Every structure is written in C-alpha cells, then in structure tokens.
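# Survey of secondary and tertiary structure
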Number of protein chains: 4
Amino acid sequence: MSFPESSSRPYEECGVFGVWGVPNAAALTALGLHALQHRGQEAAGIVSFDGEAFYQHKALGLVGDVFGNQDVIAGLPGEAAIGHNRYGTTGGTHVRNVQPIYADYAFGGLAVAHNGNLTNAATLRQALVKRGCIFHSTMDTEVIVHLIAISLYDTVIERLMDAAKKIKGAYSLITLTPDNGLLGMRDPLGVRPLVLGRMPGYEDKQGGWVLASETCALDIIGADYVRDLEPGEIVVINAEGVKSLWPFGDVGRRFCIFEYIYFARPDSILEGQSVYEVRTRIGGELARESGVEADVVVPVPDSGVPSAIGYAHESGLPYEMGIVRNHYVGRTFIQPTDQVRNLGVKMKHSANKAVLEGRRVILVDDSIVRGTTSRKIVDMVRAAGAKEVHMRITSPPTKHPCFYGIDTPSEKHLLAARHSLEEMRKAINADSLAFISFDGLYRALGHQGRPAENHTNCDACFSGDYPITLVDKDGKLIQQ
Amino acid sequence: MSFPESSSRPYEECGVFGVWGVPNAAALTALGLHALQHRGQEAAGIVSFDGEAFYQHKALGLVGDVFGNQDVIAGLPGEAAIGHNRYGTTGGTHVRNVQPIYADYAFGGLAVAHNGNLTNAATLRQALVKRGCIFHSTMDTEVIVHLIAISLYDTVIERLMDAAKKIKGAYSLITLTPDNGLLGMRDPLGVRPLVLGRMPGYEDKQGGWVLASETCALDIIGADYVRDLEPGEIVVINAEGVKSLWPFGDVGRRFCIFEYIYFARPDSILEGQSVYEVRTRIGGELARESGVEADVVVPVPDSGVPSAIGYAHESGLPYEMGIVRNHYVGRTFIQPTDQVRNLGVKMKHSANKAVLEGRRVILVDDSIVRGTTSRKIVDMVRAAGAKEVHMRITSPPTKHPCFYGIDTPSEKHLLAARHSLEEMRKAINADSLAFISFDGLYRALGHQGRPAENHTNCDACFSGDYPITLVDKDGKLIQQ
Amino acid sequence: MSFPESSSRPYEECGVFGVWGVPNAAALTALGLHALQHRGQEAAGIVSFDGEAFYQHKALGLVGDVFGNQDVIAGLPGEAAIGHNRYGTTGGTHVRNVQPIYADYAFGGLAVAHNGNLTNAATLRQALVKRGCIFHSTMDTEVIVHLIAISLYDTVIERLMDAAKKIKGAYSLITLTPDNGLLGMRDPLGVRPLVLGRMPGYEDKQGGWVLASETCALDIIGADYVRDLEPGEIVVINAEGVKSLWPFGDVGRRFCIFEYIYFARPDSILEGQSVYEVRTRIGGELARESGVEADVVVPVPDSGVPSAIGYAHESGLPYEMGIVRNHYVGRTFIQPTDQVRNLGVKMKHSANKAVLEGRRVILVDDSIVRGTTSRKIVDMVRAAGAKEVHMRITSPPTKHPCFYGIDTPSEKHLLAARHSLEEMRKAINADSLAFISFDGLYRALGHQGRPAENHTNCDACFSGDYPITLVDKDGKLIQQ
Amino acid sequence: MSFPESSSRPYEECGVFGVWGVPNAAALTALGLHALQHRGQEAAGIVSFDGEAFYQHKALGLVGDVFGNQDVIAGLPGEAAIGHNRYGTTGGTHVRNVQPIYADYAFGGLAVAHNGNLTNAATLRQALVKRGCIFHSTMDTEVIVHLIAISLYDTVIERLMDAAKKIKGAYSLITLTPDNGLLGMRDPLGVRPLVLGRMPGYEDKQGGWVLASETCALDIIGADYVRDLEPGEIVVINAEGVKSLWPFGDVGRRFCIFEYIYFARPDSILEGQSVYEVRTRIGGELARESGVEADVVVPVPDSGVPSAIGYAHESGLPYEMGIVRNHYVGRTFIQPTDQVRNLGVKMKHSANKAVLEGRRVILVDDSIVRGTTSRKIVDMVRAAGAKEVHMRITSPPTKHPCFYGIDTPSEKHLLAARHSLEEMRKAINADSLAFISFDGLYRALGHQGRPAENHTNCDACFSGDYPITLVDKDGKLIQQ
C-alpha cells in the first residue's frame, strides 16, 4: 500500500509511440516511451516487426525497468515498432491489461496501442460477445481489434476505417501491420493528441517516421516535428511514404484543454502551442484576474511551476521555491500505521521554511480534485510559518468527470461538484481561493475568450459540455 | 550499464539518521532516510533495538523499495533505530558494504552508521590487521568498530572517545548501543553535518530524540530542530536525556561549503543557514560579479534552480524553465548502441524550445566536473535554437578532489585542474563562462569575503587547502 | 541454458485438475496440481469462481513456487476451481501460453484447462480467423474456446458438445462455467486420461467432486476415486450432482499405452489398472522374453524402477540401486564450458560403483528416444567398472512421433526410426539390447497379446497406427 | 511457511568442497556442491582466488539456482576455489550466516568453509570478544577465523595449527589462502568426513587436487578418489603437491556412524566402505534380528531404499515401491488452513495402493526422531489398505542429540529418549517395531559387533557416549 499522496499523479492517461523504417526501432520506441513516462507509470509494452514476425515484451514497471535490459531490446528486432505507457489504475492491475495488444487474425498479425477511451465500448463489447467474440482483457483496445477482425472489408486499412465508424470516443491509436506498415489515427474531434515526426537518416542509415503522443518524444530521439495529425485523420506510413485518409469528414475540433493545464510535458508543443507558454500565460491571466497582496509566489511542483513563473512576472512578486518535491517516491512505501498517519507525513512534498516563514504566500496549483491534497499542502505551508496562504488554480473548477481517457474520480468525489467557492476555500483552509475563468483560460490559448459556439477545445471536466455522446455513460456493462 | 548522465548525481555522499525513545523507531527511520534519499540512492539499511535484541535489514535499492514492505518494518521492532543511505559507487557494490554495520563485541552489540571519510583508515586498518583483527568489508566504518572493540576502556562511551582520538577525517557517526542508548558524533572540525531534533510526544505516546544529516529529515516526521551538533561533539542520548562530551577540545570549525552549493536539500537548514537562501544569494552574487546581456536566466535543474532565481532577481532578467528534467530515469537504461549514442540522447534533461529559441540564455549550474555534462547541456540548448549560451557556475572551479567523504573524480579528471577559464569555455562550447569568486561565495554565507585566516568552512575542492591531514593520501593501502 | 540431461523429462505432457463444491477449492487445486507436477513443470495456473466472479493466477514455475504464497491462494476464492500444469517447451515460452484460458464471452465467463492435442487445430484456426476470430495464444485450447463462443446453440453444454464435434484429437478438457458448474470431457477414443473423484464432507463442510488427470491427485486431498471418465464422455458437475452426456456415440477405446510405460505416476490407477503393477509385469515379460546371464538388475531411475523390480523377481537376479539420481537439479545450471563438457558431467545421474564394479549389469529403462541419454548412461555404468551392460527397454522401439499430446521429437530424431536393433545397440554402446515385444506389452496389460483388431490402446508411437486422423499432419499452419 | 514434512530432510548437516590447480575452479566447485546438495539445501557459496584477488558469491537457494547463471561463475575466476552448502535452519536465516567466510587479515585474505560443530565455540567466542574481536555472524567458523587472525605465529599454516589446538569439536575444514594454497583439515577423531581427490589433466590442461565431504563430489567432475584424510590430519595443497601435518598426534578414530545410516549419498565411499553396501548389510542384519511374517518389504524413500533391498534379499520377501516420493516439493508451499490440515495432506510421500492393499507390510526407515513423521507414514500405509504394518529401523533408537554438527532436536523432542519400545510402537501405530541392535549395526560395518573399547565410530546419538568434551553443552552463550 501507499500513502494517498504518493501515487505519482492525481490524473492519469496513457502514452503511445510508434516508429517505422528505422533500424533498432524498439530501442527508439523505448526512448520515446521514456520521454512519455509522465503519461503512465504503471506498465510499458513494445511490439516490433522485422518484416517476418512480430515480437513483444510487456511488463509492469517504469520504461527504464521494463526495457533497461539490453537483452530485452535485442529480443525486439526490426525497423518498425509501437509502444505504450499505461497509467496506474487502482486495484486489479494485470499484465493482461498491458498494451500494445497483439493478435493473430485473418491478415496474419496486428498490434494496437491506444490512448483514450471509447464511450460505446461496453455496448460494442456486448454486441461482439453475442456474435461469438472472446475477450481476454478489459481494455477498450480489444474492442477495436475485434471490430477490425470481423470487418467484411478486404484490407486492413478499410477494416480500420470500418471499425473507426463504429466506435465513439476520444482516442489516439497506433497500429502496426505486416503489409500496410504503421497506421496512426486520431478521433474525429481530435480530443487526444498525436503528432507526426520525421526521423532523419544519418551515416548510411535510412530515415523514417515517428508517431507520438507528444513532441517531447520526438525530441529525445532527434526526430523532427512534422505536424499534429488532424482530428479524424488516419495516416498510413510505409515504404511509399505517408498517406492520409479521412473516414469521418470534418466534424469539428475539440482538443483536450487539460493537456495544456496539466497532462502534457512543458517542453511539448501541442496543436501548435507550447505547453510551457500556455501555462505561463495562464499564470499571467490568473494574476490579472485574481491578484492579491502577498510577499511571494510559490508553485506546487511540478505542474504549477510555469504558471507560478507567469503569475510572478505579471504581479511583480518574487517567485520562490517554497515547496520542495521529493522525486524518489517509489511505487510503494511504508504502510502508514496510525502513529505515522498522525504525523501527517508528506512523502512527496516538503515545505521550505526559509521561503515561507512570516510570508503571505500565493500558491499556484493546477487543479483541485477531492481537495484533500490541497488541504495537506496548505496546512504544511502554514505549519512552516506562512502568515497567509492564497491558493490560485490554473484551471476552472473540476466539476465533472472525464469520459474521454483521463482517469478522474466520479462526480461525487469532486470537491467543486458539490461546493461553493467559499466552501472550497474553507475546506482547503486557504485565506483566499481563485480559479482561472473560462475566458482567461481561453485567452491564454490565444482566443478572445471562451467561444460561445464552435468550441475549439474540450473542457467538459469544467463545463460539463461533453462533445462526444456518452453511450455507456450509465455504467459500463462489463467490468473486471 | 547506464548512460553517463543517467547516474542520478555527479557527486555522492551518504545520509545517516537515528531515533531514540519513540515507538516504531524503524518506521520513522525509514521516513527520515527517505527525506535524505538525495544523499545516497544505492542502498539503505536500518538496525533497530527493542531493549533485548538488535534487528537489521539492509539491501541495495531506494529506501521506498527496501523498506516499503510492511513486513520488513515489522521485523525491526523497538523504540531505537539507526539508518543509513549509501551512495552509488561504480563497480563492485556488495551488500557487505551496506551500512549500518552491526557487530557482536564485548558489550553485547553495536550498530554504527557513518557519513564521511577517514583520512587514516588504511593506515589504521593495516595496524589493526597486524594485531589480529579481521575485516569483512572495505568500509571505513569497520575501522571505527574495531577501534571501539579493542579499546581498553570499560564503557562504550569511553571506548568511542578513545577510538575518536585515533581516527582522522571528516565524518558524522551515529551509534546504537544496548546500554548507553544512541550516540552521535561529529568530526573535530565539523566538516560533515549532523543535527539534533526533538520528537514531540502525542496522544499517550512519549517523545524522543532524533539525529540526522539534515533538517529535512526532521521535518518529514514532525520532529523539531534543536541544534546542529558542534564540531567534535559527542551526544549521548538515553532515558536520562542528552549529554554532551568533548573529546577533542576546540580545534576550529570547517563545515563543508559544498553542502550549501550542491549536496544538501534546499529546504534544509545547516549551521543556522537556509540552504535555499545561501543558493539564491550565490545567484545574486554571480549576477553582480559576472553579469552579461541576455534574454533569459535558465537553471540546470535541480540544483541550479535557487541560484537561477537569485540571479534572475538581481539581474532583472526573466527566470524561465528552459530545461526540463525527466525524473523517471531509473538506475539502468538501454545500453546505448552506436546508433543511439550518435543520436546524443539525453535521458535526464530535455530542452524547452519555446523558452530557448532565438534567445540569449544564461545557464546557471552548480559546478563543472569533467565538463562532459556541461558540454552536452550547452549543445542541447544551442540545438533548441539559443542564440547565445552564457554559463554561470555557483561554485569556484573544482580543481581538487575531496578526501572528506564526497565522491569526486581524481584530479586528472577535473577539467578545472588542468585548463584555463578560456579553455574551459571552449571545452563546454559556451559563449561565456564565469564561476563565483571565493569572496562572492563567502559573502553569500554572510562573511565579508573569504577569511584570510580562521576559515569557517572547508573549501578544499576549490582551494586545495585541506584542513585535515591526508594520512593515506598516496593511495589507500587496502582496496576492494 | 541447461545441460541436455537436466531437462527434467524426455517426454512432456500436461496435467489438469478441477474441483466443485468444496470450500477453498483453489487450495485443493494447488495440492492436486502438486501431485500432478510430473506431468508438467514449466508453468501452473488456477482459475476459481466464487459464484459471482472468476479469479485467476498463472505463472511460470513449479506449483509450490507459483501457489506457495498464501496471499495467492487467498486471492482465488470460491468453491469451484480448475488448474493446469504446463510442460516445458523449448524456446519461446510465454505467460500468454499458460492455462487455464479464461475468456469473457456471451455467457459471461469461461475457463478451460486442456491436456492433449487437437489434430485439426491449425485447420480450425485458419477457418476461425477467416471468420474474424482473434487469437492471443498459440494453444489448441483457444480454438476450443472460440468454437464454444461462436456456436449457435443456446447453452454452454450444447455449445461444448457442438465444439466437440468439430475438433479432432486426443484430449482431456476441464471447463468451469458460472451457471453450469464444472464440465469434464474426454476425447472420443479416450486417449488421454481423466478420472472422477468424490470429495467427502468433513465436520460441517460439504463434500464435492473432483476431476483429475490421474488418481494420485485424488489421493493427496483425500478424495475417493469414483471412476475414469469413459471415452467420449462429458460430465456436468453442479449442485444437482453428476450428469453424463455422450456427444459421440461409441467409437472405440484407445487409451494411451505410454501413460503406463512412462508418463503416469506409479501410484496412479488408470483405466482400472495400477500403473505400478503394469510396469512390474512389463519387467517380468521382458525377463522372460530377453533374459540374459548377468549379476545384477539396475533401474535407470525413476521410471525404470518398478520394471526393474519385476525383471529381477522374474529372473531371480538381485535388484540393486546401481544408478543414483540427484533430485536437486534445478531448471537452470552452469552453462557448460568446453572444459566442463569434456568432463562428461552428469547432473542428474551418478553411478554407484559398489554395485556396478566387476558386474554384468542389466539396465532397465523405459524407452530410447535419440539414444544420446542412453549412451551417456551406458558409458557411465561402464566407467564405474561394469563388465557387461545389457540394456532392456520396457517399450517397443519408439519409431513414430506422437501427435496426441505428448511432446516427442520428430521422426528424424528418433533413433529407432532409422536404425536396426544392432545399429541401436552399437549406438548406445551396450553389450546387448532388447525391447519388450508388442505382445509382451499387451500381456502385461492383461491381454493375450496385441489384439489384431479392436485395439484397446493407442500405441502409435511404436506401431505408426494412428487411430485419429491427422488433419494438420503436414505441419501446423500457424506457428508461434 | 511450509508443511512439517516438506522440509526436505529431518537431519541437516553441511557440505564442503575445494579445488586447487585446475582452470575454472569455480565451475568445478559448483558441480561438486551440486553433488553434495543433499548435505544442505538452504544456501550455497563459493570463494575463488586467481593468484591476485579473492572473489565470492553467496546466496540462499539451491546450488543450481545460486550458480546456474554463467555470469556468476564468470565472476569467480581462478584455478583455486572453495565452496559450501548450508543446511536449512529454522527461523532467522540470513545471508550473513552463509559460508565460506572471507576475511581480510594480516596475511591478506583467508576463506574458510566448515562442516561440523565446535563444542567450545561459545566459550572461545566469549574470550575473543573480551579481547576485542568483533563477530559479524553466529557461525562457529568465525571463531576459527579469529583464532587464526590473532595467533602469534608467523605463517598461516602454523596459525591454523595453533587455532586447531584451541578448538574442540567435530569438523572438516577447507581453507583457501593466497600464499599457501588450499588447506584441508579433519578433526582429531575424524568424526566428520573429508576426502582427497586428484583431478586428472586433459588435453593441455593441467590436473590438480580436490577436497570434498564425500566421494560423490569427486565422481561428478571426474576426479579420482585418492584417500580419506586421516583423523586430525591437515593437508597443504599447492604447487609443491600435497603435504600432511599432524597437529594432534593419534587420539583415536570415531567416524560418525550416522553418515552411513542416513546422511551420506549411497554412491559415496567413506572410510573405505560403500555407503550403499553398508546400508544393504544393515537391512540384512535387521531381517535376521527381527524378521516377521509379512508379504512385502517397502522402503520409506529415499534413505530406506538400500536397506529395504538388503532386508528383502535376506528375508526372501518381495521388495516393492509401496511409497512414492514427490520430488517436486519446493521450499515453500501452501500454508495449511485448518481445512487442509484436517485432510492430513502429504506433500512428499504418497501410498501406492496396488502394493499395499491387503498386504502385511514391512516398512524400512532410517530412524525415528519425534515419531510424528513415522506415525503419518504408518497411517498413510494403513489407509491404503495394508493389513499389518511392521516398522524396521536401520539405526538404534535415537536417544541423544548430536553436538557434533548434525542438527537434531533436543532430547525432550526425541521419542526414544523418553519412551519404551512398546510405547514407541503404539505412538507410531505400528503392529511391530524393531531397531537394529548396536552389534548388528557394527557387524554391517565389518566388525564382530560393537567394540567394548576402542570404538571405531561415534554413535553418541544412540549410545550417549560422547567422545568429544561438550564444553558449551549447557547452552550456547551467544545466540542469534
């Protein structure tokens, strides 16, 4: 067991990566997954293809642990590979739920890695099972694989497009096939990210192509960023280059706004915007919207850092490292006895008294979920001697769960879903509390404010405006 | 094998912790070691005593891995315990070299944890071996244990004082005994740190005492900081309270200045000074001493962060996170094939193009050792589009190895030992390079400059002024 | 890597076990699998059902290693469970090929454990894949699961019967279902074994039913042997008792004769015959058929022991332990350097000189496969001083591979397939060599000799008379 | 936790092995330890010396597990090595108690492996500790190492002789030194075994020398048996050949008689007698002394096998495998719930009904310790249908604990220490019970009977006649 706050991140997603046409594709994939480690720390997997056969390795653990052994990489030959980082779900984690999924089917072999969530997975699964399909995992990905397998079309690509029309949801998909190469696909509204990169050749080695959840995974292997896939786009990557297919037509664009706020790495560029710059601009907006007299601006590390820099710059207040993060928190730690629990031990954060003592402190954090972590941090900052604690949040209140691939608590556990701002302030024991406004958030993204129509982003977790139908919303039919 | 830069830290030391008179002492010790994890990531050990018997558990790995299992903690009963974090040496690491050392001897049992280095260990060891002593490890600590065991004095405390007079070096020592309680000791010049804390009682639980390398280990368990041990002080902690002994008399004070620059955690307070504040002041001094026209101040994370904040504040330039650190680097990672090596992959750092592109960048780092890491970072920043790169170092040039407990390369591997400033600048490919001056460094510590005499700190790695005789300097006689 | 002779057994099969209606069904299953460990040492798995949900644990290793941890058993609640021991295949062993297979399908859940081989698996698999089925493993069992899933019948039992009519092969099958209880099935000719047992109630605990590959697995848990399943019989075990179904009609009976010779444990009773007694009678027949003047009868342990006892008794020669077996051979051992290889090291057997020196020795072994092991043993016995070595084999010459579930080398590796008796004698360096005759073998089973028609057993590996069509004989279509 | 009967052996000892002057000495040592695995299954260790440095590897586990990895063997270079198998003690087993012990001392390095027990270890340890010696383990071996280290003599050999005069006990010792080569030593009365072998050269490889607990360890590597070391002999093996030293003079000869009865492997030759032949002769004596009308002779495997063969031969009754042993019992197994416990599960033995049903059975076993195992076996044989069960034991009643290196229960746990023959018979539920007589036992060894004086063997566990003073008998002073 672990301390509540020792789970590395309050929200969880996944990372996907694929490479085509480059020697040692699996080694590059391991590096790419390492750069995407923040998107999922529980498990990692790679499937490679060497022109003859598929090879796979999947295990629970960090990328460096799962693929750190050279023998493992040597066992994944070929110039094409796809990989996946899985986030940590509570409870029954099994290797059978680790991606990529590999399956033998009519076309000889198919590997699929998937980030996101289908909103009609349970419904589809029920229908598939009635038809005689067998499920080995509880993953949405397996639904997609079955849809491809039972499609009546002749080619994998047509089958993928056929399957794509049946599924609803927010997802990025990377597929490796023996004959058609590497396929990438983004959901019709482009809620989840997927970028295309070009691996330059070097010496006598050929270049090739890369797909990744974020650009930071291109940077680590020296690949050049080409572009984001468009919403609803399928790319087919093989010896003939990159070909685009459009199974859906143009149905809009609703990129997940929370990727900017929290999920993506600050050095990534998503949909043409630097994540770091968006965050610093949010900090600036926040300072303008809800400035308060104070002595120091302190980020809750790590996600609050750029916003706190932006806040400090806009407000003219000094930016200081008032909270230190311990990066050595392992996956497990001492099970808290009552004694230890009473000590209120913080495994991950500690207060820097030199910065906080006697000061009026502005804390900048990305969001408030249950409020328990925020309360602990405020209490810790007060215990270190802060005179006042003003909490500034770089997102609007999180009032609704995400059904599009980010693992959030259900509504009843979301503090903002049931409490007024003042109640929340009291709950976290802050002297003041402010969230960024919707308009401020969209201004930080370069808009005039939140568009009344033609929304450019999905902000359902704040607004409840779900752009994709929630077919299975009333509870998944089949659960592990 | 691991990438050169993936070893978590360029310098290495150890961390020690002890607690007396508190239920579940081992659980608290594990927490304290977790807070001291930055001082040593290779191995961890705890010895506890329950009034009847000693219990021990030692293993390679992070504290959370070694002590994360509740059964392990349950197997370490008692209200007294000591623990140790070991740094990662290259090559032959063995469990037999993990501390604390436990030995049965004439007084029934003795556990010792030790941070630092004896400068006459090899000489003493040779003499002890001639006398018939047997060594099971290659650790200096074992020399101390033998000296205690063969002492002709009657009590453990007298024997510890007897041993203390024979050893030379820089060390902090924590010893657990059946009859005399917990003993702490700092070397005569106080080169290595050791602080005393008070564990408050709660509910019906008694309070007790804590010893730790840094105050951050007191904070995590809610212990109050009492004071640093004085140079040369022995404290005896037991049911009668805390008693001080002074085996050496006053021979000066030379606390390791590099603890402030690099080693200690920023939220620690050492010898009355906040490590964080010293670092920000060094950044300010550096800005005054070697300011340069530029667009942005960027820290090399994590140790450069406070100094970069101080530099930015003093210079009026914006502070930005131009380099992102990946905290998921495991102990091992993919063995670089030539291909991967050619990619110049950075496992630990990545450049944030949004901040760096087209900018004149001031990089703030703590030191230059071999120069290879600095060169890689400068190249990475340039590759991200920086127009100019100005390196500012928060220590004077590292020209001499440390013989006092910090694992540094030998002189021939130190870039500064053999090259002029201009040669160094070229070697790291920077547009300009500046180190803090000795006077600037001491000003940051609150002095007028570096004292001509009565030095307050050990700065031998910069100055070559070694305050403790190097008896074994010409090479240890007995090596593993 | 391991020494050639250190692989625990030259032939390999599997073991299956199931229990219904007894508390702690998984614990009993682990014990049953332990008693069946000789049938497969590579991996073990259990799926349990507690009336609500299925639980599974599968891993590589011996039963005691995989299920020795109480937490593992505690995680497998319920009064129904099935288990499987998997034999060690060379090369690509993966957890994904460990049984039982569990799948979600139209009836909510299905677990299948299977011993044997389908002779039309590849053909069926090809057809299923064309239909859109996805395969996650390379196991025949998965074919059966798919056939059940796509069957158009309404109930699981009808679907199992439907599937049974499509598959050809030699197999014993145990299936666990949520609504229909525990199902057991033997192939139409009863080639592979499966016995039914009754678990008596005790104290206030109810009794229940057990299915197992051999009776020794009933003995270990105190279950009473009821009867062998009949060839082609399906038993449905649930709260209403045991019901039999006969999907095939009577097509004959061809129980695998090699189970008596080698595979089964000597304390098992199969098809009404004690394995031990059959073996001792074979030894007696062998003595009558091919007696030779000698001083001592020595078994090649362990399978040769009962036959050697029978041979000694019939011949009047003394039975002696001239070869000692080392039972501690682990799964891996020192990779033989040339030096070690030259020593001709025997990891598993050693010669007992006191018995062998100066003697004319009759060695009794179960079979000759490649001849290499026999040669090593004869050489070892000679090196220990034997004057003459007469090899007596308790089976007819192994000339044909088994396609019915026993992992034998292909024909080109079988010494007897290509060599005369005299050539074989020379190859193994024996003074004389004799195999049991077909008639002698059948006499030991209680017949007058080998029946000209109406064979009662499958002896295809000796006779080439394959009673089940080899649909896929020309090579499996789909391989891992 | 494990089932009571799953611990592999009721008595426990250790095995030692050493090789000098042969390439890949560590590989040969691993093979030798494998052949000696029956003497200790808990842990194994090897120390090698390559002319420059010592190398060691020690771990809990079977030899094949600890040394099966080629990298481990490659890390133990040199042409000299010693090794040790440790038996399984209950409770606190630690790596620190695994042998060989390696220590740096005045002569640069010393490795010691030791089988047996010192009867004045606690007394010596107390004195050494008073002198200032530190103990890291609880092993007797460490006492010997300290005595060598503090000896005032100049050479290692003189120091070993000096130490030898101070210790009392039954032991075989192998020591590896940098300058004096390989030393072997047997205790003054030769209670524990140690044999000398000659490793023939081959191709261009030199030959060398081997020391081992039993000859079976010579056989596995193809070494020729030269002779047993004499009681009290020290052999010094180096480039000059083998030299003998006699520190004690002739004080008699008392080789452990229980090595013949139970401990040694049947293919070993100890003190010129084949263990197998001694056992069969004991079986013959037993048949003559206490024959009984019966149908079948059944050994309790494995140690009862040769004696049962001898008994059957002498009595003319058929020898049959009425009890089958499961050799796959791992070190841990399912923790018995009450349910499982009530089933009386036998993990290691199972009854072969075909042999036992309706028969009058003579069981042959090596000894009765607590009586619980014997009772379980008799009950199991009865449950399998035996009409009568007559237990015949190949040793006299075990009435006294061994203080000479075999781990036996204390007197109060020995059934024979407190009960009459008839009480014992009832306790184990047998129809008759007989032990071999002292005279019969000695006749099997080639004597006329048990010598009234000049005993040739130690039989203290049966007779209470302890030939070596029990200095620490009243309880060890220092315990773990």
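Everything numeric in this text was worked out from a predicted model, so none of it was measured.

### Let's talk about the packing of aromatic side chains
This structure, assessed with the given rule, holds 34 aromatic pairs over all chains. Relative to Y262 of chain D, the ring of F258 of chain D lies with its centre 5.6 Å away and its plane at 25 degrees, an arrangement referred to as stacked. Of this pair, F258 of chain D and Y262 of chain D both sit in helix α8 (residues 257–263), four residues apart, roughly one helical turn. Assessed through its relative accessible area of 6%, Y262 of chain D is described here as buried. An aromatic cluster is present here, built from F258, Y262, F263 and F462 of chain A joined pairwise through their rings. The cationic tip of R450 of chain C hangs over the ring face of F438 of chain C; the distance from NZ or CZ to the ring centre is 5.0 Å.

### Here's the deal with the nonpolar core
L363, V381 and Y404 of chain A together with L363 and V381 of chain B are the most contacted members of the largest nonpolar core, which has 145 residues in total. Setting aside anything within four residues of it in sequence, one finds L363 of chain B in contact with V298, I323, I377, V378, V381, V389, H390, M391 and R392 of chain B. Membership of the second largest hydrophobic core comes to 144 residues, among which are Y260, F263 and L286 of chain C together with M424 of chain D.

### Structural notes on the domain arrangement of chain A
Residues and elements named next belong to chain A. The domain architecture assigned to chain A consists of domain 1 (15–253) and domain 2 (277–463). With centres defined by C-alpha atoms, the gap from domain 1 to domain 2 works out at 33 Å. Each partner contributes residues to the interface: domain 1 has 11 residues there, and domain 2 has nine residues. Both faces considered, domain 1 and domain 2 share a buried interface measuring about 770 Å² in area, 52% of it formed by carbon and sulfur atoms. Our count for the domain 1 to domain 2 interface comes out at zero salt bridges. Here domain 1 and domain 2 share two residue pairs in polar contact (both at pLDDT 80 or more) between them. Residue classes in the side of domain 1 that touches domain 2 are distributed as four nonpolar, four polar and three charged.

### Considerations on the sheet that holds strand β1 (residues 15–20) of chain A
All names here are of chain A. One open sheet holds the seven strands; their spatial order is β3-β2-β4-β1-β10-β9-β11, and the pairing between them is antiparallel. Both edges of this open sheet fall to β3 (54–60) and β11 (224–228), since each of them pairs with a single strand only. Within this sheet the neighbouring strands show an average axis-to-axis angle of 15 degrees, counted without direction. Note that strand β9 (residues 195–199) and strand β10 (residues 208–212) share five bridges and pair antiparallel.

### Some details on the relation of the copies chain B and chain D
Copy one and copy two of the chain differ by a rotation about a common axis and a shift along it. For the pair chain B and chain D, the relating rotation is 180 degrees, the translation along its axis is 0.1 Å, and the fit reaches an RMSD of 0.1 Å. The relationship between the two copies is best expressed as a two-fold rotation axis. No C-alpha of chain B approaches the rotation axis more nearly than that of C133 of chain B, which lies at 3.3 Å. Interface overlap between copies: 100% of the residues of chain B at the interface are likewise at the interface in chain D, consistent with a symmetric, same-surface contact.

### A look at the environment of N115 of chain C
All names here are of chain C. Looking at the secondary structure, you find N115 in strand β6 (residues 110–118). Here N115 falls in the buried class, since its relative accessible area comes to 0%. Residues N115 and C14 lie 101 residues apart in sequence; the distance between their C-alpha atoms is 5.3 Å. In contact with N115, not counting residues within four places along its chain, are E13, C14, V16, R39, A170, Y171, S172, R192, P193 and S213. Polar side-chain contacts of N115 include one of 3.4 Å to the backbone nitrogen of C14.

### Section: helix α13 (residues 372–383) of chain D
All names here are of chain D. Between its first and last C-alpha atoms α13 spans 16 Å; for 12 residues at 1.5 Å apiece the expected length is 16 Å, and the two agree. Along α13, the residues that are buried comprise S374, I377, V378, M380 and V381. Buried residues along α13 cover an arc of 160 degrees about the axis, so they all sit on one side. In this structure, the buried residues of α13 make contact with β18 (323–325), β19 (349–351), α12 (353–356), β20 (360–365), β21 (388–393) and α15 (421–428). Just beyond α13, the residue with positive phi is G385, at close to 105 degrees.

About the thresholds
- Residues numbered from 1 in each chain as written.
- Chains lettered and ligands numbered in written order.
- Predicted model: local features only at pLDDT ≥ 70, side-chain atom pairs only at ≥ 80, totals over all residues.
- Heavy atoms only, no water.
- Phe/Tyr/Trp six-rings, centres within 6.5 Å; stacked < 30°, edge-to-face > 60°.
- Helix = DSSP H or I, 4+ residues; strand = E, 2+ residues; numbered from the N terminus.
- Buried < 20%, exposed > 50% of the residue type's maximum accessible area, 1.4 Å probe, protein only.
- Lys NZ or Arg CZ within 6 Å of the ring centre and 35° of its normal.
- Core = buried A, V, L, I, M, F, W, Y, C linked by side-chain atoms within 4.5 Å.
- Contact = heavy atoms within 4.5 Å.
- Domains from an automatic or database assignment.
- Buried area = accessible area lost by both parts, 1.4 Å probe.
- Salt bridge = Lys/Arg side-chain N within 4 Å of Asp/Glu carboxyl O.
- Polar contact = N/O pair within 3.5 Å; in protein donor to acceptor, adjacent residues only side chain to side chain.
- Nonpolar A, V, L, I, M, F, W, Y, C, P; charged D, E, K, R; others polar.
- Pairing = 2+ DSSP bridges.
- Axes fitted to C-alpha atoms, helices over the stretch in contact; angles between N-to-C directions.
- Least-squares fit on C-alpha atoms with pLDDT ≥ 70 in both.
- Expected span 1.5 Å × (residues − 1).
- Arc of directions from axis to C-beta.

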